[in-house]
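Examination of the molecular architecture
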Amino acid sequence: RGEWLDRKMGVVKKKGNIISFSTLSGKVFKGKMFIDATYEGDLMAAAGINYHVGREGNAKYNETFNGVQTGVFQHDHHFKSNISPYKIKDDPSSGLLPYISAEPPGEFGAADKKIQAYCFRMCMTNHPENSVAFPKPDNYDASKYELLLREFNTGRNDWFSKFDVLPNKKTDTNNHGAFSSDFIGMNYDYPEADYQRRAEIINQHYDYQAGLLWFVANDPRVPDAIRTKMASYGLAKDEFKDNNHWPHQIYVRESRRMIGDYITTEHDVMQRIETPESIGMGSYHIDSHNTQRYVTSEGYVQNEGDIGVKPPGPYRISYGSIVPKKEECTNLFVPVCVSSSHIAYGSIR
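Read on for a plain summary of the structure.

Cut-off values and rules
Residues numbered from 1 in each chain as written. Predicted model: local features only at pLDDT ≥ 70, side-chain atom pairs only at ≥ 80, totals over all residues. Heavy atoms only, no water. Buried < 20%, exposed > 50% of the residue type's maximum accessible area, 1.4 Å probe, protein only. Helix = DSSP H or I, 4+ residues; strand = E, 2+ residues; numbered from the N terminus. Arc of directions from axis to C-beta. Expected span 1.5 Å × (residues − 1). Contact = heavy atoms within 4.5 Å. Phe/Tyr/Trp six-rings, centres within 6.5 Å; stacked < 30°, edge-to-face > 60°. Lys NZ or Arg CZ within 6 Å of the ring centre and 35° of its normal. Polar contact = N/O pair within 3.5 Å; in protein donor to acceptor, adjacent residues only side chain to side chain. Pairing = 2+ DSSP bridges. Axes fitted to C-alpha atoms, helices over the stretch in contact; angles between N-to-C directions. Parallel < 35°, antiparallel > 145°, perpendicular 65-115°, else oblique. Nonpolar A, V, L, I, M, F, W, Y, C, P; charged D, E, K, R; others polar. 1 Å grid on protein atoms, 1.4 Å probe; cavity = no way out; pocket = protein on both sides within 12 Å on 5 of 7 lines; lining within 4 Å. Points joined across faces, edges and corners; volume = space filled by probe spheres on them.

Further remarks concern helix α5 (residues 224-231). Taken as a whole, α5 has its buried residues at Ile226, Arg227 and Met230. Buried residues in α5, looked at end-on, bunch into an arc of 95°, giving them a common side. Structural note: α5 exposes Asp224, Ala225 and Thr228 on the side pointing more than 90 degrees away from its buried face.

Written out as structure tokens, the structure is:
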């Protein structure tokens, strides 16, 4: 615990085998077999294993739901009303609201380097004796949430749809809706970033999400019914007590993905083909959160990248998906950043 891989010089290989790795503190760890169980795949990358970041185009593996997915709305995580993306409504000269890309989303089905959004998955409670008020970040800026306010003003009221109930009056609260805890488009450089930059990205996610919670619970412009109910919640006092009741880890939904001995694709998940060397089963639906927020050709804001497709049943996961190609390494398992396409990873993750 508390050790950081030396990603530049720390991995020693000989004849295709990892001999050892060292950490920034100078410690050296040797072994016959190695397992990279990180969300980022740092040992895999440092060992020279080929990998992919971003979305392949549909044409790469003859898939349907990979690449840019404009106009595909399979959950409720898109804007259902026509909402202006500009600081002054309907005035492009005023500039875009925060966190909306000025770039076009790309051609449907095309590859890009974008990755699905991250957030902190929260444990909340509405039990007053165990509740701590949502923190207000030092750099809080209510203008960051103007787009959410505009969405509330359309009458949308599903803010509490992913406050999933846990025992002891607690919740497992995750992203839901078009503007929620997912910090869309703000994590693109995380997979390859150095440790300092990753910490900056995580802190930016904290500031965004803590500010979001405080905004909904306190800003008088939020509709009364939503603001009053939100104000009845807080962070659970008896959770994450050594971290101001905030989760220790950000939800890294996707980062690097190995290009291994076998590449799991949509065809495996949807059981269109026979998967070789099965070592386990998957069953979760193909699930990608949004990847970008952009301006449509009609001049409104929209999200892109959210996919939810249910497999016909449990599917096989190949041994080849967790091992590199033999010519790259013969003593490494990669069970998290597995060898799969972006959209297959949406299930297998």
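Every α-helix winds through 3.6 residues per turn, so residues three or four apart in the chain are directed the same way. Its 24 residues give helix α4 (residues 195-218) an end-to-end C-alpha distance of 34 Å, which sits within 8% of 34 Å, the value for a rise of 1.5 Å per residue. Taken residue by residue, α4 has Arg198, Ile201, His205, Tyr208, Gln209, Ala210, Gly211, Leu212, Leu213, Phe215, Val216 and Ala217 as its buried positions. In this structure, the buried side of α4 is in contact with α1 (42-46), β6 (122-125), α3 (146-152) and α5.

Scanning all chains against the criterion turns up 20 aromatic pairs. With a centroid separation of 5.3 Å and an interplanar angle of 25°, the aromatic rings of Phe21 and Phe29 are classed as stacked. With a centroid separation of 4.7 Å and an interplanar angle of 75°, the aromatic rings of Tyr206 and Trp246 are classed as edge-to-face. Highlighted residues: Tyr206 in helix α4 and Trp246 in the loop between β10 (234-236) and β11 (257-258), separated in sequence by 40 residues. Residue classification places Tyr206 among the partly exposed residues on the basis of a relative accessible area of 26%. Cluster of aromatic residues (ring-pair linked, three or more members): Tyr99, Tyr140, Tyr145, Phe179, Phe183, Tyr208, Trp214 and Phe215. In this structure, Lys136 is placed above the aromatic ring of Trp214, and the distance from its NZ or CZ to the ring centre is 4.3 Å. Taking the ring centre of Tyr51 as reference, the NZ or CZ of Arg256 above it sits at 5.1 Å.

Tracing the backbone through its elements, the reader meets Thr171 in strand β9 (residues 170-173). Using a relative accessible area of 4% as the deciding quantity, one classes Thr171 as buried. Polar side-chain contacts of Thr171 include one of 2.7 Å to the side chain of Thr173. Ignoring any residue separated from it by four or fewer positions in sequence, one finds Thr171 in contact with Met122, Cys123, Met124, Phe163, Asp164, Leu166 and Tyr233.

Below, the discussion takes up the pairing of strand β1 (residues 11-14). With four bridges joining them, β1 and strand β2 (residues 17-22) adopt antiparallel strand pairing. In the strand pairing of β2, Val11 is matched with Phe21. Where β1 folds back onto β2 in an antiparallel hairpin, the turn is made up of two residues, including Lys15, whose phi is positive at roughly 55°.

With that settled, consider the environment of Pro324. Along the chain, Pro324 falls in the loop between β17 (315-318) and β18 (332-333). C-alpha of Pro324 to C-alpha of Phe73: the two residues are 251 residues apart in sequence and 35 Å apart in space. Leave out the neighbours within four places in its chain, and Pro324 touches Ile49, Met258, Gly260, Asp261, Cys329 and Leu332.

Let's shift gears to the sheet that holds β1. An order of β1-β2-β3 is seen for the three strands of this open sheet, with the pairing classed as antiparallel. Each edge of the sheet is formed by a strand with only one pairing partner; in this case those strands are β1 and β3 (28-30). Direction aside, the axes of adjacent strands within the sheet are offset by 20° on average. The pairing of β2 with β3 spans three bridges and is antiparallel. Bridge pairing in β3 places Ser22 opposite Val28.

On to the packing of α4 against α5. One way to put it is that α4 packs onto α5 with a least axis distance of 6 Å and a crossing angle of 120°. Between α4 and α5, the angle falls in the class oblique. Here α4 contributes Leu213, Val216, Ala217 and Asn218 to the contact with α5, which in turn contributes Ile226, Arg227, Met230 and Ala231. Split by residue class, the contact of α4 with α5 holds six nonpolar, one polar and one charged.

Attention now goes to the pairing of strand β14 (residues 292-295). Both β14 and strand β15 (residues 301-304) contribute to a ladder of four bridges, which runs antiparallel. Among the inter-strand pairings, Val295 is bridged to a residue of β15, identified as Val301. Connecting the antiparallel pair β14 and β15 is a turn made up of five residues, with Gly299 showing a positive phi of about 95°.

Take empty space enclosed by the protein next. A full pass over the atoms with the stated rule returns four cavities of 30 Å³ or more. Size it by volume and the largest cavity reaches roughly 100 Å³. Lining the largest cavity are Met122, Met124, Trp159, Phe163, Thr173, Asn174, His176, Ser180, Ser181, Gln209, Leu212 and Leu213. Counting residues per element, the ones that place at least two in the lining of the largest cavity are β6 and α4. Looking at the lining of the largest cavity, the element that brings in the most residues is α4, giving three residues. Taken together, the residues of the lining of the largest cavity sort by class into six nonpolar, six polar and no charged. Contributing to the lining of the second largest cavity are Leu148, Glu151, Phe152, Arg156, Asn157, Asp158, Trp159, His176, Gly177, Ala178 and Phe179. When its residues are assigned to classes, the lining of the second largest cavity shows five nonpolar, three polar and three charged.

Purely geometric stuff here, so don't read any function into it on its own.
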